[in-house]
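Close look at the chain arrangement
Below are the chains, spelled out letter by letter.
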Amino acid sequence: MAGHNETGKKGEKLAAEYLAGKGFTVLHRNWRYSRYEVDIIASKKNVLHFIEVKTRRSASFGLPEDNADKKKIRNLAEAAEEFMTQNPGWKLIQFDILSVMLNNNGGAGFYFIEDVYV
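Below: a short report on this structure. (Residues numbered from 1 in each chain as written. Predicted model: local features only at pLDDT ≥ 70, side-chain atom pairs only at ≥ 80, totals over all residues. Heavy atoms only, no water.)

1. Re the pattern of salt bridges
Any two side chains of opposite charge can pair, on the condition that their charged atoms come close. In this structure the tally under the stated criterion is 4 salt bridges. Between Lys13 and Glu17 there is a salt bridge, with its nearest N and O atoms 2.7 Å apart. One end of the pair, Lys13, and the other, Glu17, are both in helix 1 (residues 3–21), 4 residues apart, so they sit about a helical turn from each other. For Lys13, a relative accessible area of 44% gives the class partly exposed. Via salt bridges that share partners, Glu52, Lys54 and Lys72 belong to a single interconnected network. (Salt bridge = Lys/Arg side-chain N within 4 Å of Asp/Glu carboxyl O. Helix = DSSP H or I, 4+ residues; strand = E, 2+ residues; numbered from the N terminus. Buried < 20%, exposed > 50% of the residue type's maximum accessible area, 1.4 Å probe, protein only.)

As structure tokens, this is what we get:
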């Protein structure tokens, strides 16, 4: 597996643990529909969160969240629309970005950007 894929998988695993520690219930990881994928779908206090996880090992090429552009958020919204069709009943939804910066000692830093929109 390519290094960037391993970094992404590790970041998503750490992100799910981070969210669980913050009181979120992780419902799905890597939920797919057609050509879309949602990294994490979680709930907290009756709000359904669609979360894009971005991970990097260094800031040499920018911060992880810099890579979550308008197209990425639009794709997240498209996938969320289908998820809501398949899983009706949620009244409140939110789109978030969770930035994960891996460090050399095996730990990570997190930056959670809530309620993003295009």
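2. Structural notes on the environment of Asn46
By secondary structure assignment, the location of Asn46 is in the loop between strand 2 (36–44) and strand 3 (47–56). Classification of Asn46 as exposed rests on a relative accessible area of 65%. Residues Asn46 and Leu92, spaced 46 residues apart in sequence, show a C-alpha to C-alpha distance of 7.1 Å. Residues within four places of Asn46 in sequence aside, it is in contact with Trp90 and Leu92. (Contact = heavy atoms within 4.5 Å.)

3. Considerations on a positive patch on the surface
Together, Arg35, Lys70, Lys71 and Arg74 line one region of the surface with positive charge. Mapped onto the elements of the fold, Arg35 is located in the loop between strand 1 (25–33) and strand 2. (Patch = residues over 30% accessible without salt bridge, like charges linked within 9 Å, V, L, I, M, F, W, Y side chains within 5 Å. Areas by Shrake-Rupley, 256 points an atom, 1.4 Å probe, with all protein chains shown as cover. Lys, Arg positive; Asp, Glu negative; His and termini not counted. Charge placed at Lys NZ, Arg CZ, Asp CG, Glu CD.)

4. So, unusual backbone geometry
A positive phi is found at Lys45, a non-glycine position, where the angle reads about 50 degrees. Note that Lys45 resides in the loop between strand 2 and strand 3. Of note in the backbone geometry, Asn46 takes a positive phi value of approximately 65 degrees without being a glycine.

5. Considering the packing of aromatic side chains
Enumeration according to the criterion identifies 6 aromatic pairs in this entry. On the basis of an interplanar angle of 20 degrees and a centroid distance of 4.4 Å, the ring pair of Tyr18 and Phe110 is categorised as stacked. You can see Tyr18 sitting in helix 1 and its partner Phe110 sitting in strand 5 (residues 108–113), a full 92 residues away along the chain. Assessed through its relative accessible area of 30%, Phe110 is described here as partly exposed. Centre to centre, the rings of Tyr33 and Tyr36 are 6.5 Å apart; their planes meet at 20 degrees, and the pair counts as stacked. (Phe/Tyr/Trp six-rings, centres within 6.5 Å; stacked < 30°, edge-to-face > 60°.)

6. Things to note about the nonpolar core
If you look at the biggest cluster of nonpolar residues, it comprises 16 residues, and the most contacted ones within it are Trp31, Val38, Ile41, Leu48, Phe50, Phe83 and Phe95. Of all elements in the fold, only strand 2, strand 3, helix 2 (70–86) and strand 4 (92–102) reach the threshold of two or more residues within this core. The element that contributes the greatest number of residues to this core is helix 2, accounting for 6 residues. Counting residues in each nonpolar core, the second largest holds 13 residues, with Ala15, Ala16, Leu19 and Ile40 among its members. (Core = buried A, V, L, I, M, F, W, Y, C linked by side-chain atoms within 4.5 Å.)

From the geometry alone we can't say anything about function, so treat these as descriptive.
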